Amino acid sequence: ARAIRSICIAGAGPVGLGAALAFARALPMARVTLIDCRADPAALADRLCATLPVSRAFHAAVGIGERDLIAAGAATPCLGTRFSGWSACGEDWTLSFGEHGLAASGVAFHHLWVRARQA
C-alpha cells in the first residue's frame with residue numbers, strides 16, 4: 001500500500017534523463033513521468049557533452065554502454081575540461097580526468113608536472 005507508484009522528474013536534459021532511467025530500473029512497477037522544462041543557464045550538469053570518467057559507474061548501474069553513447073553521437077570521450085576566466089587572477093586552467101603520463105622513479109606524473117610548474 002505504501003509502494004511508490006509514480007515519480008515525476010522536471011527537466012529532460014542529461015540529468016533528468018539519467019534520473020528517469022535510474023528510477024525506472026530501481027522501481028520497475030512505478031510510472032516515471034519526465035517533464036521537459038528549460039534548464040537553468042547557470043547549471044553546468046545539463047551542458048556537459050562528454051562521457052566523464054565519473055559517469056562510468058552510473059552508466060554501468062543503469063545498463064548504458066559508453067561505447068554505445070559515443071557511437072550514437074550522444075557523448076564524446078573527455079580527458080579534461082579547460083576553464084577560462086573562472087579564477088580570480090584570470091588565468092586559464094585545466095582539470096584533467098584519470099591518470100595521464102608515466103610515473104618516474106615511483107612518482108606519479110601529476111606530481112612531477114606540479115613540481116615542474118612550480119619551478
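Our subject is the structure listed above.
Keep in mind the model is a prediction, meaning the values are calculated, not measured.

S.K.: Account for the overall build of the protein chain, naming residues and giving values.
M.R.: On a plain count of helices and strands, the protein chain comes out with four helices and six strands. What you see in the protein chain, going N to C, is helices and strands ordered as β-α-β-β-α-α-β-β-β-α. The C-alpha radius of gyration computed for the protein chain amounts to 19 Å, which surpasses the reference 14 Å derived for 119 residues by more than 25%, pointing to a less compact arrangement than a globule. For the protein chain, the C-alpha atoms occupy an extent of roughly 65 × 35 × 30 Å along the three principal directions. Here the protein chain, with 119 residues, has 14% of them falling under the buried criterion. A sequence separation of at least 24 residues applies to 44% of the contacts in the protein chain between residues at least 6 apart. Total accessible area on the protein chain is roughly 9200 Å²; 60% of this is exposed by carbon and sulfur atoms.

S.K.: Break down helix α1 (residues 14-26) for me, with residues and values.
M.R.: Between the first and last C-alpha of α1 there are 18 Å, a value that for 13 residues agrees with the 18 Å anticipated at 1.5 Å per step. Every buried residue belonging to α1 is among Gly-16, Gly-18 and Ala-20, and all of these are buried. Where α1 is buried, its residues contact β1 (6-10), β2 (31-35) and α2 (56-62).

S.K.: Lay out a nonpolar patch on the surface in plain terms, naming residues and giving numbers.
M.R.: On the surface, a nonpolar cluster with roughly 400 Å² of combined accessible area is contributed by Leu-44, Trp-86, Trp-93 and Leu-95. With respect to the helices and strands, the residue Leu-44 is situated in the loop between β2 and β3 (50-51).

S.K.: How would you sum up the pairing of β2? Please name residues and give values.
M.R.: Relative to β2, β1 is paired through five bridges, and the arrangement is parallel. Considered in β2, the bridge of Cys-8 is made with Thr-33. Between the parallel pair β1 and β2, the chain is carried across by α1, and the sense of this crossover is right-handed.

S.K.: With reference to specific residues and values, describe unusual backbone geometry.
M.R.: Positive phi is not limited to glycine here, since Ser-105 has a value of about 55°. Positionally, Ser-105 belongs in the loop between β6 (93-96) and α4 (109-118).

S.K.: Quick rundown of the environment of Gly-63? Include the residues and the values.
M.R.: Among the structural elements, Gly-63 can be located in the loop between α2 and α3 (66-71). Assessed through its relative accessible area of 53%, Gly-63 is described here as exposed.

S.K.: Can you break down the pattern of salt bridges residue by residue, with the values?
M.R.: Under the counting rule described, the total for this entry stands at two salt bridges. In this structure, the salt-bridge partner of Asp-92 is Arg-82, at a minimum N-O distance of 3.4 Å. On the criterion of sequence distance, the pair formed by Asp-92 in the loop between β5 (80-83) and β6 and Arg-82 in strand β5 is long-range, its members being ten residues apart. Its salt-bridge partner being Arg-117, residue Glu-91 comes within 3.5 Å of it at the nearest N-O pair. Linking Glu-91 in the loop between β5 and β6 with Arg-117 in helix α4, this pair joins segments that are 26 residues apart in sequence.

Criteria and cut-off values
- Every residue gets a number counted from 1 within its own chain, in the order that chain's sequence is written.
- Residue-level local features of this predicted model are given only where pLDDT is at least 70; pairs of side-chain atoms are given and counted only at 80 or more, and the full residue set underlies all totals for whole chains, interfaces and linings.
- By convention in this description, side-chain values take in all heavy atoms of the structure and omit both hydrogens and water.
- Elements are defined by DSSP. Helices are runs of H or I of four residues or more, strands are runs of E of two residues or more, and each kind is numbered from the N terminus.
- The atom set for the radius of gyration is the C-alpha atoms, and the globule formula is 2.2 Å times the number of residues raised to the power 0.38.
- Exposed residues in this analysis have more than 50% of their type's maximum accessible area, buried residues have under 20%, and partly exposed residues fall in between, with area computed by a 1.4 Å probe over protein chains only.
- Contact criterion: two residues are considered in contact whenever any of their non-hydrogen atoms come within 4.5 Å of each other.
- Surface accessibility in these figures is a Shrake-Rupley result with a 1.4 Å probe; residues are shielded only by whichever protein chains are displayed.
- A helix is expected to reach a length of 1.5 Å times the quantity of its residues less one.
- Like charges are joined within 9 Å and nonpolar side chains (Val, Leu, Ile, Met, Phe, Trp, Tyr) within 5 Å, but only among residues with over 30% relative accessible area and no salt bridge; these make up the patches.
- Think of a salt bridge as a Lys or Arg side-chain nitrogen and an Asp or Glu carboxyl oxygen that are within 4 Å of each other.
- Following DSSP output, two strands are said to pair if at least two bridges run between them.
- The path from the first strand over the helix to the second decides the hand: if it runs clockwise while the strands point away from the viewer, the crossover is right-handed.

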